[in-house]
Every structure is written in C-alpha cells, then in structure tokens.
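Chain by chain, the residues:
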Amino acid sequence: AQKITQTQPGMFVQEKEAVTLDCTYDTSDPSYGLFWYKQPSSGEMIFLIYQGSYDQQNATEGRYSLNFQKARKSANLVISASQLGDSAMYFCAMRELLYNFNKFYFGSGTKLNVKP
Amino acid sequence: NAGVTQTPKFRILKIGQSMTLQCTQDMNHNYMYWYRQDPGMGLKLIYYSVGAGITDKGEVPNGYNVSRSTTEDFPLRLELAAPSQTSVYFCASSYPDRGRETQYFGPGTRLLVL
C-alpha cells in the first residue's frame, strides 16, 4: 500500500486566492511526522512545513498551514494568498518515528500553477 | 556554508558502465540520504546513513552501493548502469531532532543511461 497519496496531479489557482493541496497517509506507527516540500522548475527541494502526530495544533509557517486531520489520516497543505512564485511541484512526505525511523516516504506530487 | 553539494550535475552513461555520484555537506549533519526521482514521480529512498561507518538500505537499493567514511561525504556508486537507472538523484542531510528535523537537499544529479 502507498504510504503517501497525493490525488491531484495538477491544480490551477488564481493569484491572491487560497489553495488546498491534498495528502493522505497510511501508517500503523503511533508516532510520525508529516512534511511538505516545494520543488520549483529549477529542481531544488525546499522544506515548507512540519506536523508531528502528537502536535495539538495545526502547523503554520507564514502563508503555509497544514490542515491535519488525524482520524482521517490527512495532512493537507493550505497556501493562502497565492503568488506567481508559488507555481511549483509540491510533495507531501512522512517519517515513521518508531518503526522505520530513518526512512522518509514521499508522495507523487501535485503541480500547482498560479494564474495572474 | 555551501550546504549540500553534488557532482556532477549531469552525466550520460552507457549501459554497463560504472560511476560514482558525489555528495558532500558542510553542516556537520549525522544523517545523510540518497533519493532518486523518476519523471513525474516523488522521491524514493535508495540508501541512508546515520553516521560515519553506518549505512542501510532504503526502498530501492538494488543496483547501488554507498559508503560513509567521513561525516561530510556520502558517495553513491552505480556498478553496472542500466536504462532503469535513468533518473534525477538527490542527496540530503539532516540533524536528528526527535524526528522533526528538516532535510537539506542538494541540487541533484541528472543521470541518463543509454
């Protein structure tokens, strides 16, 4: 079974609007971490935001927030006030903190296009 | 700090050739990783290391070997290149922080096997 599933291969959003990128995960580990990365067309991987499975509040980093719904095993990324520079691939990733501590699992990504 | 550096940036190999992808980090991170990214896909973990002298397999280790003789360097070796190894290879490093740590990625090496 896929550890990380991103069901939106591509999305469009109008500049200055908010957009939600979906991510669901599968784990039996009671302790895990969830990450979002951005990959612009230049190819580098840029860390955006982290959510721990025991964190009580949803993580926020500037215009990025993570909508964490533990019971549904979802960790959606919300980008507020989209900018043209947000156009990129976005990857959701998970690390299991007990069973496979040293392994990160990545989803297949969502390509976001921000329209002016 | 240069962060994570990778060489070469791009390489074309013939089937059956060997090569080493170099990765160096100057942040004194204990953990280092090698990933491959196939077109339109996410990253898959090839090998990782938790410190000098300690390496272990990831999700897709077949056809690759690694070594970690120093904290800074984590080279990835392809012994007999195959077309299926055409991919972009990313090296990353991190410092353990109860699982919260951020991975710092290198710029990637694009490999084409013909």
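In this report, the structure presented in the accompanying data block is examined. (Residues numbered from 1 in each chain as written. Chains lettered and ligands numbered in written order. Predicted model: local features only at pLDDT ≥ 70, side-chain atom pairs only at ≥ 80, totals over all residues. Heavy atoms only, no water.)

Details of the interface of chain A and chain B
In step 1: Each partner contributes residues to the interface: chain A has 19 residues there, and chain B has 22 residues.
In step 2: Across the chain A to chain B interface the summed buried area is about 1800 Å²; carbon plus sulfur atoms make up 57%.
In step 3: Here chain A is connected to chain B by zero salt bridges.
In step 4: Linking chain A with chain B are two residue pairs in polar contact (both at pLDDT 80 or more), by the criterion used here.
In step 5: Put simply, the parts of the chain that give the side of chain A that touches chain B at least two residues each are strand 5 (32-39), strand 6 (46-52), strand 10 (88-96) and strand 11 (104-106) of chain A.
In step 6: Among the residues making up the side of chain A that touches chain B, the classes are represented as 11 nonpolar, five polar and three charged. (Contact = heavy atoms within 4.5 Å. Buried area = accessible area lost by both parts, 1.4 Å probe. Salt bridge = Lys/Arg side-chain N within 4 Å of Asp/Glu carboxyl O. Polar contact = N/O pair within 3.5 Å; in protein donor to acceptor, adjacent residues only side chain to side chain. Helix = DSSP H or I, 4+ residues; strand = E, 2+ residues; numbered from the N terminus. Nonpolar A, V, L, I, M, F, W, Y, C, P; charged D, E, K, R; others polar.)

Regarding the state of the cysteines
In step 1: Summed over all chains, the structure comprises two disulfides over all chains.
In step 2: Note on cysteine connectivity: C23 of chain A is disulfide-linked to C92 of chain A, with sulfurs 2.0 Å apart. Its S-S torsion of about -65 degrees marks the bond between C23 of chain A and C92 of chain A as left-handed, since a negative value means left-handed. One end of the pair, C23 of chain A, is in the loop between strand 3 (19-21) and strand 4 (24-25); the other, C92 of chain A, is in strand 10, and 69 residues separate them in sequence. Each member of the pair, C23 of chain A as well as C92 of chain A, carries the same accessibility label: buried.
In step 3: A disulfide bridge connects C23 of chain B with C91 of chain B, and the sulfur atoms are separated by 1.8 Å. Disulfide C23 of chain B-C91 of chain B: torsion about the S-S bond near -70 degrees, hence left-handed. Note that C23 of chain B is positioned in strand 3 (residues 19-25) and C91 of chain B in strand 9 (residues 87-94), a separation of 68 residues in sequence. Neither C23 of chain B nor C91 of chain B differs from the other in exposure class; each is buried. (Disulfide = S-S within 2.5 Å. Buried < 20%, exposed > 50% of the residue type's maximum accessible area, 1.4 Å probe, protein only.)

Things to note about the packing of aromatic side chains
In step 1: According to the stated counting rule, one finds 15 aromatic pairs over all chains in the structure shown.
In step 2: Summarising the aromatic geometry, the rings of Y33 of chain B and Y35 of chain B are spaced 6.1 Å apart at their centres and angled 25 degrees between planes, so their arrangement reads as stacked. The same class applies to Y33 of chain B and to Y35 of chain B, which are both buried.
In step 3: By way of ring pairs, the aromatic residues F35, Y37, F47, Y50, F104 and F106 of chain A together with Y33, Y35, F90 and F105 of chain B are connected into one cluster. (Phe/Tyr/Trp six-rings, centres within 6.5 Å; stacked < 30°, edge-to-face > 60°.)

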